[in-house]
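Analysis of the macromolecular model
Given next are the chains, with one letter for each unit.
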Protein chains: 2
Amino acid sequence: MLDDQWFNEAQTATGTAFSLKITRKLHEEQSEFQFLEIYETEQFGNLMVIDGCTMVSTRDNFFYHEMISHPVLFTHPNPRNVLIIGGGDCGTLREVLKHPGVESAVQIDIDERVTRLAEIYFPELCESNNDPRADLKFIDGIKWVKEAAPNSVDIIIVDSTDPVGPAEGLFSADFYKDCYKALSENGIVVQQSESALLHMKILKEMRAEMQAAGFNHQQTVFFPQCIYPSGWWSATMASKSDLSKFREQDATNKGFETVYYNSDIHKASLAMPEFFKKAFA
Amino acid sequence: MLDDQWFNEAQTATGTAFSLKITRKLHEEQSEFQFLEIYETEQFGNLMVIDGCTMVSTRDNFFYHEMISHPVLFTHPNPRNVLIIGGGDCGTLREVLKHPGVESAVQIDIDERVTRLAEIYFPELCESNNDPRADLKFIDGIKWVKEAAPNSVDIIIVDSTDPVGPAEGLFSADFYKDCYKALSENGIVVQQSESALLHMKILKEMRAEMQAAGFNHQQTVFFPQCIYPSGWWSATMASKSDLSKFREQDATNKGFETVYYNSDIHKASLAMPEFFKKAFA
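Residues numbered from 1 in each chain as written. Chains lettered and ligands numbered in written order. Predicted model: local features only at pLDDT ≥ 70, side-chain atom pairs only at ≥ 80, totals over all residues. Heavy atoms only, no water.

1. As for the relation of the copies chain A and chain B
Note the cut-off: Only residues with pLDDT of at least 70 in both copies count here: their C-alpha atoms drive the least-squares fit that superposes the copies.
Once chain A is rotated about the relating axis by 180° and shifted along it by 0.0 Å, it coincides with chain B to within an RMSD of 0.0 Å. With respect to symmetry, the two chain copies, as superposed, fit the operation of a two-fold axis.

Here's what the structure looks like:
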């Protein structure tokens, strides 16, 4: 049995659990929106937990942050204005700002406490927070997108928690319709879309809602993410226009450091497992 | 905390643990070689555990069995004689025998009890055990390879447990030298090679030992495997000859069912993460 030297995320819905050995709890608080915990782990650096779910560890967050950012940014022909909904740990913002063509990156997380804790416990993820192109807002992202000027955003990255609690409204056709309106001509929305092994129901519903909002082009990106259920995660891109090409040459000559992503990985992440292809045929 | 309704595999070496919710223990025994347990899980079907490590579940074994078999079989120009070392659950044998060109598949697991339990608790994995091309032996695979006729085998699949206990000798240059001798001109050995997130030391040592045995061409295949540490697993191919091409047309028109593998996934599984590329540059 795992004693109190382990942080356990037990998922009753899927009958799976993932645990990290911890050395101590560094912080806990009930914010206005969520219960936030920070642990020091034995081998994964620091760990942020929101409402009992692992969110980000020092050691393996690079998979998620790189794969929710670079594929979509290298797919859009010329992304200048990027909006991040959620993403309070600022790791996605950091990856987005590695792209020199990005002129503005607005990050809207409803819970300011997530960012304040990330600044203390994950300072490396926050190293671009003072970039003049970054704008951090702590307000309701759903409302912000609804009121955004039409055609004003090139990319919307929905870097949210699971579709329960504060993030539930981010998985609905109403929200995607507002995204559609706010996006420019070649605009793309990308959203974390759970595990294709454990959450096909969520993936199917999400793609159907995106379709209902007018996004005729969709593509799911697959990548490892050790601390998330099943260790295999995904993000789904939806666009008004064709998604089948990406700026491969730019990705190959990206001129910035990554740990997981490169242009080969970009292409590879789009390959559809046989069961997934059949489900969406 | 996780109570006794969960099977936990806690890995002290990596500070991670993975657990499945169980409904009951179906069987346990100490074989001549290992401690074997079978659980009925809530959502993953049956689970086989060897010496405390999860080996195979009904629900997610397709990743591993397909990815240790089909990439190597579609890389070799004309595989006829296949040798499986380990693989006692017979899932790899089943995948190998889906290839109509295979004339003989010899499976050598030192522990007959693994196969006898698989026949009871994983009958679907054993459905090709009576194929006339199959030959199941329960002897020492290392010794068998050492004494094999030179140039007699096209593919050797090392489907082993971790490099401790009975499988330790399967990760050494001596064993790879015997493989080299037993393999035919375009012969390939493929071996499960742990997690690139957690076990880079093992991967580096293994590839160095393969190189020392004369295998100048190596390629690592990456794939999800929920019940193994980190959820992200790998297999490494080593060959006397070029591995950079595969029979893509044959893979596309494979004519048999798979759950994960297809020709797009084949290509995708070979993409090297940036950190991996740097480690082996």
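2. What to know about the domain arrangement of chain A
All names here are of chain A. Note the following rule: Where each domain starts and ends follows an automatic or database-derived domain assignment. Any two residues having at least one pair of non-hydrogen atoms within 4.5 Å are treated as being in contact. Accessible area, probed at 1.4 Å, shrinks when two parts are joined; the buried area is that loss added up over both. A pairing counts as a salt bridge when a side-chain nitrogen of Lys or Arg comes within 4 Å of a carboxyl oxygen of Asp or Glu. Pairs of N or O atoms are called polar contacts if they sit within 3.5 Å, as long as, within protein, a hydrogen donor faces a hydrogen acceptor (for residues adjacent in sequence, only side-chain-to-side-chain pairs). Numbering of helices and strands starts at the N terminus; helices are DSSP runs of H or I of at least 4 residues and strands are runs of E of at least 2. As a working rule, the residues Ala, Val, Leu, Ile, Met, Phe, Trp, Tyr, Cys and Pro are called nonpolar, Asp, Glu, Lys and Arg charged, and the rest polar, with Gly in that last group.
By domain assignment, chain A separates into domain 1 (6-57) and domain 2 (61-279). One C-alpha centre belongs to domain 1, the other to domain 2; they are set 23 Å apart. Taken residue by residue, the interface counts 24 residues in domain 1 and 21 residues in domain 2. For the pair domain 1 and domain 2, the summed buried area comes to about 2,000 Å², and 69% of that belongs to carbon and sulfur atoms. Considering only the side of domain 1, the residues that lose the most area to domain 2 are Phe33, Met55 and Val56, jointly responsible for 24% of the buried surface there. The tally of links between domain 1 and domain 2 comes to one salt bridge. Two residues, Arg113 and Glu29, come together in a salt bridge whose shortest N-O distance is 2.8 Å. At the boundary of domain 1 and domain 2, one finds seven residue pairs in polar contact (both at pLDDT 80 or more). Among the elements of the structure, strand S1 (6-11), strand S2 (16-30), strand S3 (35-41), strand S4 (46-50) and strand S5 (53-57) are those that each provide at least two residues to the side of domain 1 that touches domain 2. Each residue belonging to the side of domain 1 that touches domain 2 can be placed in one class, and the counts come to 13 nonpolar, nine polar and two charged.

3. A word on the interface of chain A and chain B
Cut-off, in case you're wondering: When DSSP finds two or more bridges between two strands, those strands count as paired.
Taken together, the 49 residues of chain A in the interface contact 49 residues of chain B. On the chain A side of the interface with chain B, the three residues burying the most area are Leu2(A), Leu197(A) and Glu274(A), jointly 15% of the side's total. At the junction of chain A and chain B, the tally comes to four salt bridges. Its salt-bridge partner being Lys278(B), residue Glu257(A) comes within 3.0 Å of it at the nearest N-O pair. Inspection of the region where chain A meets chain B yields 18 residue pairs in polar contact (both at pLDDT 80 or more). Only S1, S2, helix H1 (61-75), helix H8 (263-269) and helix H9 (274-279) of chain A provide two or more residues apiece to the side of chain A that touches chain B. Among the elements that take part in the side of chain A that touches chain B, S2(A) stands out by supplying six residues, more than any other. For S2(A) and strand S2 (residues 16-30) of chain B, the ladder comprises five bridges, and the chain directions are antiparallel. The residue bridging Thr16(A) from the neighbouring strand is Leu20(B), located in S2(B).

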